[in-house]
Amino acid sequence: MSDDQVLTGPGTQTRRALLAGAGAVGAAVVLAACGGDDAGDGTPPPTSGGPAVPSTGDAGGGDRQNSQSLATTTDIPLGGGRVFPAEGVVITQPSPGQFKGFDPICTHQRCPVSNVDGGTINCTCHGSKFSIEDGSVKAGPATRPLPAKNVKVVGDQISFA
C-alpha cells in the first residue's frame, strides 16, 4: 500500500481524499465569512451595538462653519482654561469674554499638555509652561510657543472657527 493509500479510519478513505475534503470545508468557511449580513429582503443588517453614525453632515472634512460645540463659555474659567485632548485643543479665557485656542501638544518633546493652572498651560512631562494669552513659553525646557487654533464663540457655544 502506498503512502497515499494509508487507511485513516474504519473505511477505505485515502489520505488524499481526506485532505481534499478538509480543503473543501476550509474554502466553504472562508466564503461564508465573505458573505453579507443582510437578509436578502431589503432589511438592513443588524447593528453592532456601537454609536449611531448620522448620514448627514460633515464627515471629517470640508466646511466647518456649523461644527459641533467644543464647550460653553461657562466651561472655561476666567484666567484659566481647559484641555480637550480628544478634540485636539486647549481653550483659554485670558480676559472676560476673550477665548483662545491652542494645540495641546508641547513643543518640547511632543507630550500632551496636562492642565491649565495659574495663568499657564502646563506640560507635566518636563515642566514647560505656556501663556494662556498667546501660547508663548513662560517656562522651559520648551523654546517654541504652542501653535494657535482658531476658535469662535456663537452665543455661549465655543467651536472651531
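Residues numbered from 1 in each chain as written. Predicted model: local features only at pLDDT ≥ 70, side-chain atom pairs only at ≥ 80, totals over all residues. Heavy atoms only, no water.

A.B. asks: Could you give me a rundown of the overall build of the protein chain, with the residues and numbers involved?
C.D. replies: Along its length, the protein chain carries one helix and 11 strands. For the protein chain, buried positions account for 25% of its 161 residues. The contacts of the protein chain with a sequence gap of at least 6 include a subset with a gap of at least 24, amounting to 35%. Of the roughly 10500 Å² that the protein chain leaves accessible, carbon and sulfur atoms contribute 54%. (Helix = DSSP H or I, 4+ residues; strand = E, 2+ residues; numbered from the N terminus. Buried < 20%, exposed > 50% of the residue type's maximum accessible area, 1.4 Å probe, protein only. Contact = heavy atoms within 4.5 Å. Areas by Shrake-Rupley, 256 points an atom, 1.4 Å probe, with all protein chains shown as cover.)

A.B. asks: Which residues make up the side chain of Ser131, and what values go with them?
C.D. replies: Its location among the elements puts Ser131 in strand β7 (residues 129–131). Looking at Ser131, the relative accessible area reads 6%, which means it is buried. Each residue touching Ser131, except ones within four places of it in the same chain, is listed here: Phe102, Gly119, Ile121, Ser136 and Lys138.

A.B. asks: Residue-level account of the pairing of strand β4 (residues 98–102), with values.
C.D. replies: Note: strand β3 (residues 89–95) against β4, four bridges, orientation antiparallel. Bridged to Ser95 within β4 is Gln98. Bridging between β4 and strand β9 (residues 148–149) involves two bridges; their strand directions are antiparallel. In the strand pairing of β9, Gly101 is matched with Lys149. (Pairing = 2+ DSSP bridges.)

A.B. asks: I'd like to hear about the state of the cysteines, residue by residue, with values.
C.D. replies: Overall, the coordinates contain one disulfide when judged by the stated rule. Here Cys111 engages in a disulfide with Cys125; their sulfurs sit 2.3 Å apart. Residues Cys111 and Cys125 share a disulfide whose torsion about the S-S bond is about -105 degrees; that sign makes it left-handed. Of the two residues, Cys111 sits in the loop between β4 and β5 (115–117) while Cys125 sits in the loop between β6 (120–122) and β7, which places them 14 residues apart along the sequence. Its relative accessible area of 38% is what places Cys125 among the partly exposed residues. Here Cys106 is not disulfide-linked; the sulfur of Cys123 is the nearest cysteine sulfur, at 3.9 Å. On the accessibility criterion, Cys106 (2% relative accessible area) is buried. (Disulfide = S-S within 2.5 Å.)

A.B. asks: Any details on the environment of Pro85? Residues and values, ideally.
C.D. replies: Mapped onto the secondary structure, Pro85 falls in the loop between β2 (80–84) and β3. Placed 29 residues apart in sequence, Pro85 and Ser114 show a C-alpha to C-alpha distance of 8.9 Å.

A.B. asks: So what's going on with the sheet that holds β4? Residues and values would help.
C.D. replies: Strand order in the open sheet formed by four strands is β2-β3-β4-β9, with antiparallel pairing between adjacent strands. Two strands lie at the open edges of the sheet, namely β2 and β9, each paired on one side alone.

A.B. asks: Can you lay out the environment of Ser131 for me, pointing to particular residues and giving the numbers?
C.D. replies: Along the backbone, Ser131 and Gly80 are 51 residues apart, and their C-alpha atoms lie at a distance of 10.0 Å. A distance of 3.3 Å separates a polar atom in the side chain of Ser131 from a polar atom in the side chain of Asp134. (Polar contact = N/O pair within 3.5 Å; in protein donor to acceptor, adjacent residues only side chain to side chain.)

A.B. asks: Give a description of the environment of Arg144 that names residues and reports values.
C.D. replies: If you trace the backbone, Arg144 turns up in the loop between β8 (137–139) and β9. Sequence separation between Arg144 and His108 is 36 residues; the distance between their C-alpha atoms is 7.6 Å. Beyond its immediate sequence surroundings of up to four residues, Arg144 is in contact with Thr107, Phe130 and Val137.

A.B. asks: Describe unusual backbone geometry, and please don't skip the residues or the numbers.
C.D. replies: One non-glycine residue, Arg110, lies in positive phi territory at about 65 degrees. Along the polypeptide, Arg110 turns up in the loop between β4 and β5. Residue classification places Arg110 among the exposed residues on the basis of a relative accessible area of 59%.

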